[in-house]
Amino acid sequence: MAKTIRIKYFTDKIDKLTYIGGKSDWIDLRAAQDVDLKKGEFCLIPLGVAMKLPKGYEAHLVPRSSTFKNFGIIQTNHMGVIDETYCGSNDQWYFPAYALRDTHIRVNDRICQFRIMEHQPELIFEEAQKLDQEDRGGIGSTGIR
């Protein structure tokens, strides 16, 4: 069942968000202004949107697969989580970027993407001395092929 998300745009210089069913359930986000970064610089790149997510949902924000190749930036927190309480009229979304080379990002360039996910259910942790499953052999035990 489709969910409705109220969205506020901070600029008319970026394309409106679209959901492309059948291709990917990740939605591209765009730089809301031109950004010049020198190697080693950090910047919160405005994405030009604020959203009211459905109750019980959060947004996961990550770089697009081409972001590093095209712009030489990485996301400093590796994945952003925006919960449904960050929903005020001035709660603009940002992409925290760190430049690994000098770069220029133009307004409306697609730099990241997001999807919404239901909150994790409440968890109860039960301590055990043994987990009763066969060990897999540790980290990296499946080899490289």
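See the structure above.
Here goes a summary of the coordinates provided. (Residues numbered from 1 in each chain as written. Predicted model: local features only at pLDDT ≥ 70, side-chain atom pairs only at ≥ 80, totals over all residues. Heavy atoms only, no water.)

**Concerning the overall build of the protein chain**
Item 1. Broken down by element type, the protein chain carries one helix and eleven strands.
Item 2. When the helices and strands of the protein chain are read in sequence order from the N terminus, they spell out β-β-β-β-β-β-α-β-β-β-β-β.
Item 3. Its C-alpha atoms put the protein chain at 55 × 40 × 30 Å along the principal axes.
Item 4. Counting the 145 residues in the protein chain, one finds 34% classified as buried.
Item 5. Long-range contacts, defined as pairs at least 24 residues apart, comprise 77% of the intrachain contacts of the protein chain with a sequence gap of at least 6.
Item 6. Only carbon and sulfur atoms are counted for the fraction: they give 50% of the accessible area of the protein chain, which is about 10500 Å².
Item 7. Between the mean site of the 20 positive side-chain charges and the mean site of the 20 negative ones, the protein chain shows a separation of 9 Å. (Helix = DSSP H or I, 4+ residues; strand = E, 2+ residues; numbered from the N terminus. Buried < 20%, exposed > 50% of the residue type's maximum accessible area, 1.4 Å probe, protein only. Contact = heavy atoms within 4.5 Å. Areas by Shrake-Rupley, 256 points an atom, 1.4 Å probe, with all protein chains shown as cover. Lys, Arg positive; Asp, Glu negative; His and termini not counted. Charge placed at Lys NZ, Arg CZ, Asp CG, Glu CD.)

**With respect to the nonpolar core**
Item 1. Leu29, Ile45, Ile73, Trp93, Phe95 and Ile111 are the most contacted members of the largest nonpolar core, which totals 25 residues.
Item 2. Elements with a minimum of two residues in this core: strand S2 (27–30), strand S3 (35–37), strand S4 (42–46), strand S5 (49–52), strand S6 (57–63), strand S9 (94–99) and strand S11 (110–118).
Item 3. Every residue in contact with Leu29, bar those within four places of it in the chain, is listed here: Leu17, Leu47, Val49, Met51, Leu61, Trp93, Asp109, Arg110, Ile111, Cys112, Gln113 and Phe114. (Core = buried A, V, L, I, M, F, W, Y, C linked by side-chain atoms within 4.5 Å.)

**Concerning the side chain of Glu84**
Item 1. Among the structural elements, Glu84 can be located in the loop between strand S8 (80–83) and S9.
Item 2. This buried residue, Glu84, is left without a salt bridge; Lys55 holds the nearest opposite charge, at 5.1 Å.
Item 3. Engagement of the side chain of Glu84 in a polar contact is seen with the backbone nitrogen of Gly56, the distance being 3.4 Å.
Item 4. Within polar-contact distance, the side chain of Glu84 engages the side chain of His119 at 2.5 Å.
Item 5. If near-sequence neighbours (up to four positions away) are discounted, Glu84 is found in contact with Lys52, Leu53, Pro54, Lys55, Gly56, Tyr57 and His119. (Salt bridge = Lys/Arg side-chain N within 4 Å of Asp/Glu carboxyl O. Polar contact = N/O pair within 3.5 Å; in protein donor to acceptor, adjacent residues only side chain to side chain.)

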